[in-house]
Each structure stands twice: as C-alpha cells, then as structure tokens.
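# Architecture and fold: a report
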Amino acid sequence: MGKRDNRVAYVNPIAAARARGPAPSSGPTIQDYLSRPRPTWEEVKEQLEKKKKGSRALAEFEEKMNEKWKKELEKNRERLLGGSESKKDKEKEKEKKEKKRKEKKKSSRHSSSSSSSSSSDSSSSSSDSDNEDEKKSIKKKRKRKHSSVRKASEGSLSESESDNKESSKKKKKKLREDQEKEKDCSRKKKKTERAHKGSSESSGDSEMDGDVESKKKKRHCEEKEKNTAITVKIMEKSKKKRKKKHKKHGRKKKKASGPGSELEKRPTAQMAETGGQAV
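The rules we used
- Residues numbered from 1 in each chain as written.
- Predicted model: local features only at pLDDT ≥ 70, side-chain atom pairs only at ≥ 80, totals over all residues.
- Heavy atoms only, no water.
- Helix = DSSP H or I, 4+ residues; strand = E, 2+ residues; numbered from the N terminus.
- Buried < 20%, exposed > 50% of the residue type's maximum accessible area, 1.4 Å probe, protein only.
- Areas by Shrake-Rupley, 256 points an atom, 1.4 Å probe, with all protein chains shown as cover.
- Patch = residues over 30% accessible without salt bridge, like charges linked within 9 Å, V, L, I, M, F, W, Y side chains within 5 Å.
- Salt bridge = Lys/Arg side-chain N within 4 Å of Asp/Glu carboxyl O.
- Phe/Tyr/Trp six-rings, centres within 6.5 Å; stacked < 30°, edge-to-face > 60°.
- Lys NZ or Arg CZ within 6 Å of the ring centre and 35° of its normal.

In terms of helices and strands, the chain carries four helices and zero strands. Across the chain, helices and strands are ordered from the amino to the carboxyl terminus as α-α-α-α. Expressed as a percentage of its 279 residues, the buried residues of the chain come to 3%. Surface summary for the chain: the accessible area is close to 27700 Å², and the carbon and sulfur share equals 54%.

Here it is, written out as structure tokens:
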C-alpha cells in the first residue's frame, strides 16, 4: 500500500491579487474629493458681504430699540423725580414772590413821596402803569399756579405709584413672613407630636418590660419553690428508705448471731464425743 498524496498547490497571494485586478471602490476616492466643485473667489466675497449686511441690520435694529428704551427710562425718571423737583420749584417761587412784594412796597413808598411833590398828571400816569403791572403780575401768578398744579398732580401720581409699589412690597413681605411662621408652627407641632409618640411608646415599652420582668420573677420564684418542695420530698423518701434498710440490717444481724452460737456449741459437743470414743 502506497502513501496517499496530501499535497496542496501553493498560490502566491500577491500574484493572485494582481491577476484579480483592482478592487471595486465602495465610496468616493481621493481624486473625487480633489475634483469636487468649489466656489470662486467672487462668490465667496458675495457670501461674506451678505453676512455683514445681515449683522448691520441687526445692529441698527438693536440701536433703535436701545434709543426707545432710553427715552422711556428718561420719562419714568422725570415722573419719579418730579415730586422732589416740584417741591424745590415751589420754594423758589415763594422766595421770588416775597422779594417782589418787598420791592413793590419800597417802590410804592417812594412813589407816594414823589406823587405829593409832582402834579396830578404824573399821579394818574403812575396809577395806570401800576394797574398794568398788577394785571401782568396777576397773569403771571395764574400761569404759575396752573404750572404748579400740574406739577403737583404729576408728583402726586408718582407718589401714589411709589406708595402702591411700597404697599405691594410690604404685603408680599407680610405674606412671606406669615407663610414662614405657619411652616415653623407646623414643624414644631410635628416635632412635639413625634416626641409625645416616642415618649408614649417608650413608656409603653417600659411598662411591658416591667410586666415581663415581674412575670419572669414570679415564674422563677414558683419554680424555685417547686424545686425545693421536690428536693424536700426526695430527701424525706431517702431518709425513710435508709431507716428501713437500717432496721432490716439489724434484724439480719440478730438472726445471724442466734444460730451461730448453736452451731458453735454443736461442734464442741461432737468433738467431745469423738474424743471419748477415741479414748
């Protein structure tokens, strides 16, 4: 029997790969990536300009909004600070009025002295001029009153708004304080209830423990008494048994001592008889 031929033909893998040819590509190659369509420089510039325009429009919109908000803030500040400014204006107006009154009094005194020396024509012209001055002063006073009334109304509105805000803040604070107090009270109540429950449970446990210990002590005492009674009975029984044994032993000794003397006498008699016969 000859050996079986198990040889296999060797194939060079590199030669086999070359014979197969290039492997099919499963995706884009490097050449495809390099030859991709790209935008020109002009198109890139246009895109950048569009982005800048968009950002400019946004910046303009933000500037407009900021200007509006600035105007509104200035108005609100004027309303809030109008009350203090109106008070200062009133004080200044009062001082000006007092100064004018003093000047008028002085001028009237001087005019009275000059009128006495001057003629009636000059007095009439001065009276007309005084009347005109008075009318002008009255008109100015009316205008000032109207302006002061407007400022006072605006100041009162601003003060009322500030008072309303303060009152709302105070109410909120009070509500918060009340809520905190209620929470604290509820917590304290819960703590007291827990402590009361714990104390009641501990007292109940202590009572239970005391009852259990007292029962155990009673049982222990009863068991001791039973054991002592049993031991006493056993001792009495053992004593009685010993006494009975002692009595029986005494009787046996007496019985053994009686027949023993007779037996001793019998051998002596026999010995005497045998001795007589021998002789």
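Now, onward.
Time to look at a nonpolar patch on the surface. A cluster of nonpolar side chains, namely Ile 30, Tyr 33 and Leu 34, defines an oily patch on the protein surface of about 380 Å² accessible area. A relative accessible area of 54% means that Tyr 33 is categorised as exposed.

Within a pair of aromatic rings, the relevant descriptors are the distance that separates the centres and the angle that separates the planes. Across all of its chains, the model carries zero aromatic pairs by this definition. Positioned above the aromatic ring of Tyr 33, the side-chain terminus of Arg 36 is 4.4 Å from the ring centre.

A word on the pattern of salt bridges. On inspection of all chains with the given rule, the structure shows two salt bridges. Asp 5 serves as the salt-bridge partner of Arg 7, at 2.9 Å between the closest nitrogen and oxygen. Residue class for Asp 5 comes out exposed when judged on its relative accessible area of 52%. The partner of Asp 184 in a salt bridge is Arg 187, with the nearest N and O atoms 4.0 Å apart. Of the two residues, Asp 184 and Arg 187 both sit in helix H4 (residues 120-278), three residues apart, roughly one turn of that helix. On the basis of relative accessible area, Asp 184 is assigned to the partly exposed category, the value being 38%.

Everything listed here is a matter of coordinates, which is why it stays silent on function.
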